[in-house]
Each structure stands twice: as C-alpha cells, then as structure tokens.
Amino acid sequence: MSLLADVRSDGVVPEQADVVVIGGGIVGVSTAFFLARKRLSVVLCEKGQIGAEQSGRNWGWCRQMGRDPLELPLAMASLALWRDRAALGGADTGFRTSGILYLCRDKAELSRHEIWVALAKGSGVDSRLLTSREVADLLPSAAGSWAGALYTPSDGGAEPRKATAAIAEAARRLGARIQTGCAVRGVETAAGRIAAAVTERGTIRCAAAVLAGGAWSRLFCGNMGLDLPQMQVVGSVARTRPLPGGPDLSLAGPKFGFRKREDGGYIVSQAGALITDIVPDSFRLARAFAPALRREWRSLRLRLGRRFLEDWRQPRRWRLDGPSPFEAVRVLDPTPSAAVLDEARERLVAAFPFFRDMVVEETWGGVIDVTPDALPVISAVGPPANFFIATGFSGHGFGIGPAAGQLMADLVTMDTPAHDPNAFAFSRFAEKRSVPA
Ligand SMILES: Cc1cc2nc3c(=O)[nH]c(=O)nc-3n(C[C@H](O)[C@H](O)[C@H](O)COP(=O)(O)OP(=O)(O)OC[C@H]3O[C@@H](n4cnc5c(N)ncnc54)[C@H](O)[C@@H]3O)c2cc1C
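Note that this is a predicted model, so its numbers are computed, not measured.

Digging into the pattern of salt bridges
Working step 1: Applying the stated rule across the entire model yields 34 salt bridges.
Working step 2: The residue Arg-303 makes a salt bridge to Asp-277 at a minimum N-O spacing of 2.7 Å. Of this pair, Arg-303 sits in strand β17 (residues 300-303) while Asp-277 is found in strand β16 (residues 274-277), placing the two residues 26 residues apart along the sequence.

Encoded structure:
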C-alpha cells in the first residue's frame, strides 16, 4: 500500500514500563496516547508498521449513524475527539465533518432506518430521515429518484493513512515509546499478575499490558489459554485520482459507497460485501457466530481456498523464547476482490454519472476482525490481573478508536470511565456460553 505515513521506531526497547500496549492500530495508539496523558510510562509495540493493517485500509468513516445503542455514546464521544485537534494532542488526522447518508430504494429500507432513529432518539445525535425531495435537493448529481435516506450531518471522516500515525506521534510527544517491527510474543505472569511483555527484541517488565492486536488478538489470547471468539472477513477498497466537483458527503447506496478524500479523490467500495474464508476457526466458532451468520447471510461471500490450509498449519501454542506467528507475517495484506470493486463501480456510476470518468489509482484488501455480537471487547480480563483487551471492533473501529482508547486507558488506571464499559466486557462471551441453547 502506498502513501502510508511512516512512523520511526524509537531505539532500544526499554527494560521497563508501566504499561505495554500490543498493536499499533488506531486503538493501540489512542490507548497509548491517553495513558501517556495520565503520565504513565508506556511502550507501544507494533510487529509491522503503525496503521498498516485495518487502521490504514478502511474507508475513513467516523459514524454515529446506525450504531448499536450500546455503542452510540462511545461513537458520539469519539466524534467529539476527532473534531477537537487539541484533544488528540494536535494530531493532524484529516478529519472533516462531511455528513454521512444511506440512500434508500424503497419504503422497506426506510422503515428499517426509522426503527434505528427511534432507538437513538434522546441520545442527541442529529440523524434524520430525508424524503425523496430532500435527497434530490441535497444530491443534485444523483440520477433517478430515491425513496429517501437516513442522514447524519454531524458524522464525518478522517484520513486512515495519516490519522493513526499522527496520534502515535502525539503519544510520543507525551513520552510514549513507539517500537515498530517489534512483535510481542506473549506475556509473562507472576503470582497471577502480568509481570512482563516478551518481545522479539527483549523483555519489558511492566505492571499492565493492553492487547490491541486487531485480527491477531484471538491467536495471541489462545497462547495464554484465553478463548476470544473472533473471526475475520476481507473488505475491498479502491482509491481514485482527484475528481473535482463531486459530492462532499460520504454515502452508501445499494452495493456502492464512497468518501471524498482530503486530496479530492474518492474511496470507493461497497458496504457489506465481505469475503469470508472458511478456516478451521469457522467450525470451532460456529455456535458463537450462528446468530450473526443468520443475520448477515446475504452479505457474506463464503470462500474455501488456501486460507483453510494456512490456518490449519498455524501453530496455536508457542514458546516465548523463539519466533512467534507475529514475526512471520508483519502486515496482513489480502488481495482485494475485483468482482466486488467492479460491481461497486458499476452501481456508483449508474447512481451518480459524475463518477463515469473516475480513474482508479490503487486497490487493496483489508482483514476485518469481528465478534459474535459486533461489539468490541474493551475490558480487563483477569486472570491474569492487569491484562486488558481492546479488540473486535467489527468493521467500525476507526471511527470509535479514539474514544475506545480513552476508555481503555481509564480502565487500566481504574479511573471512573466516562462510558459504561459493561457492554464491552470480555466475560460476556463466557456468560453467553453458559446460557442453555
Ligand atoms: C476495508 C475496511 C473498511 C473499513 N471501514 C471502516 C470505516 O469506514 N469506519 C470505521 O470506523 N471502521 C472501518 N473499518 C474497521 C476499522 O478499520 C477497524 O475496526 C479498526 O481499524 C481496528 O483498529 P485496531 O487498532 O483494533 O486494529 P488494527 O488496525 O488491525 O491494528 C492492530 C495492530 O496490531 C498489530 N499486532 C497484532 N499482534 C501483534 C503482536 N503480537 N505484537 C505487535 N503487534 C501486533 C498488527 O500488526 C496491527 O497493526 C474498516 C476496515 C476495513 C478493513
């Protein structure tokens, strides 16, 4: 992937820190930033490059609209952070309040959104349904007529390829040490508590560790004997050359979606068109994910291929004194689906002829980590005490990343969090499993 902002690695890995953050995506860097702001000594270890996996590959939407009501307060708090550059240590994230809109073909789609608007009523979010006429006025370049739309003017977007790096640098200015090319192989415990993080470049004694490992979190937890139900799906994205004069807001319609980038080009893709590789975990986790599979069945494109064998051969347990799986793959870089992107382009041009002459400069794939209820885990684990997990953002962690990092930092320091973390507890999965089927 080109144009990813490079974050240099601090020199020698320190021998000691208050907290080690494992993973340099938006969630890890935000956690490190808010911990450093509390004056804790923090080392952030990233096996590859900062923001090179999901956090640098997403659409860049920062969205409150359509969020699970349990997550909505966090999404709203995150929007407030994105808007306020000083609150993120002066980080230039490229954030812009552009508005986000879901176009609807018919009354059935509108009614589904109406239910969400009712659920979100009282939250303070400015989402509203637009009539067909209002859509035409707001989007003069749209072809044909639409039944209406769900619209949230206060939603926006940031630039994935620079936001994570910019927050990492803000964390460094507050004293956090950033180690890239530095996989954490695992953790050591003593008397039931975290004692150290073992990296490929040395051991860091620490009082707490936060796992913000994105799609790798299940594997990391498995080596500790923790069962984190997390699966992976692959999204595909295209980036166009600058296209002056196009729509400013971000939008999803039937089988297409876009966001205008800072440079005047667009991110183009289609919402929900996700490739799901069938792997051994598909069977191990079938029961936990069955309701999600039933719900999302139509948007999933199941694929049985080489990923099954790769995953089968993947060691699930390893010793910490030799190379770990995290050193074998520095950056997850799946192939994008040409079929998904061709279809998105075709639908986009039909709905907005303005895009007819767009030139695609680059396409990429991104592995998305999902939990059974599509809510993240932002939680203490225990045992071991002082081990925390912030992962499973299920396709919308970029937007809520900053507030998720803030919440995680509050949990680590046992400060009263601004948001109720119960919905994000790791223990919810074990509780669910004990409920009779
Ligand atoms: C195509 C696509 C479109 C998306 N669109 C949006 C969107 O528009 N809006 C939105 O809000 N979200 C979107 N998302 C989801 C969003 O990108 C993710 O939810 C979010 O970036 C997750 O951040 P993270 O920090 O948890 O994980 P990641 O960004 O994946 O970061 C995890 C990091 O941990 C590192 N790591 C893992 N294990 C170790 C280890 N043992 N040692 C050291 N480092 C380790 C990895 O190398 C990685 O860099 C999209 C995702 C994709 C792929």
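Alright, that's what it looks like, and here's the rest.
Looking at unusual backbone geometry
Working step 1: Of note, the bond from Gly-382 into Pro-383 is cis; its omega dihedral lies within 30 degrees of zero at -10 degrees.
Working step 2: Mapped onto the fold, Pro-383 is located in the loop between β19 (377-380) and β20 (387-391).
Working step 3: Cis geometry marks the peptide bond from Pro-383 to Pro-384; its omega dihedral reads 0 degrees.
Working step 4: Backbone geometry places Arg-39, a non-glycine residue, at a positive phi of 70 degrees.
Working step 5: Its location among the elements puts Arg-39 in the loop between α1 (26-37) and β2 (42-46).

Considerations on the nonpolar core
Working step 1: One finds Val-21, Trp-82, Ile-378, Met-408 and Val-412 to be the most contacted residues of the largest nonpolar core, which totals 54 residues.
Working step 2: Counting residues per element, the ones that place at least two in this core are β1 (16-22), α1, β2, α3 (72-83), α6 (160-173), β11 (202-211), β20 and α13 (397-413).
Working step 3: For this core, the element with the most residues is α13, which contributes nine residues.
Working step 4: Not counting residues within four places of it along the chain, the set of residues in contact with Trp-82 comprises Ile-26, Cys-62, Leu-88, Thr-93, Phe-95, Ala-158, Ala-163, Phe-398, Gly-399 and Pro-402.
Working step 5: Core analysis: the next-biggest nonpolar cluster, separate from the first, contains 35 residues, Cys-45, Val-187, Phe-326 and Phe-429 among them.

Rules used in this analysis
Every chain is numbered on its own, with residues counted from 1 as its sequence reads. Predicted model: local features are reported for residues with pLDDT of at least 70 only, side-chain atom pairs are reported and counted for 80 or more only, and whole-chain, interface and lining totals are derived from all residues. Working from all heavy atoms in the structure, the side-chain values ignore hydrogens and water. The term salt bridge refers to a side-chain nitrogen of Lys or Arg lying within 4 Å of a carboxyl oxygen of Asp or Glu. Every helix listed is a DSSP run of H or I at least four residues long, and every strand listed is a run of E at least two residues long, numbered separately from the N terminus. We define the nonpolar core as a collection of buried residues of types Ala, Val, Leu, Ile, Met, Phe, Trp, Tyr and Cys that are connected through side-chain atoms lying within 4.5 Å of one another. Exposed residues in this analysis have more than 50% of their type's maximum accessible area, buried residues have under 20%, and partly exposed residues fall in between, with area computed by a 1.4 Å probe over protein chains only. For this analysis, residues touch if any pair of their heavy atoms sits within 4.5 Å.

Keep in mind these values describe shape, not function.
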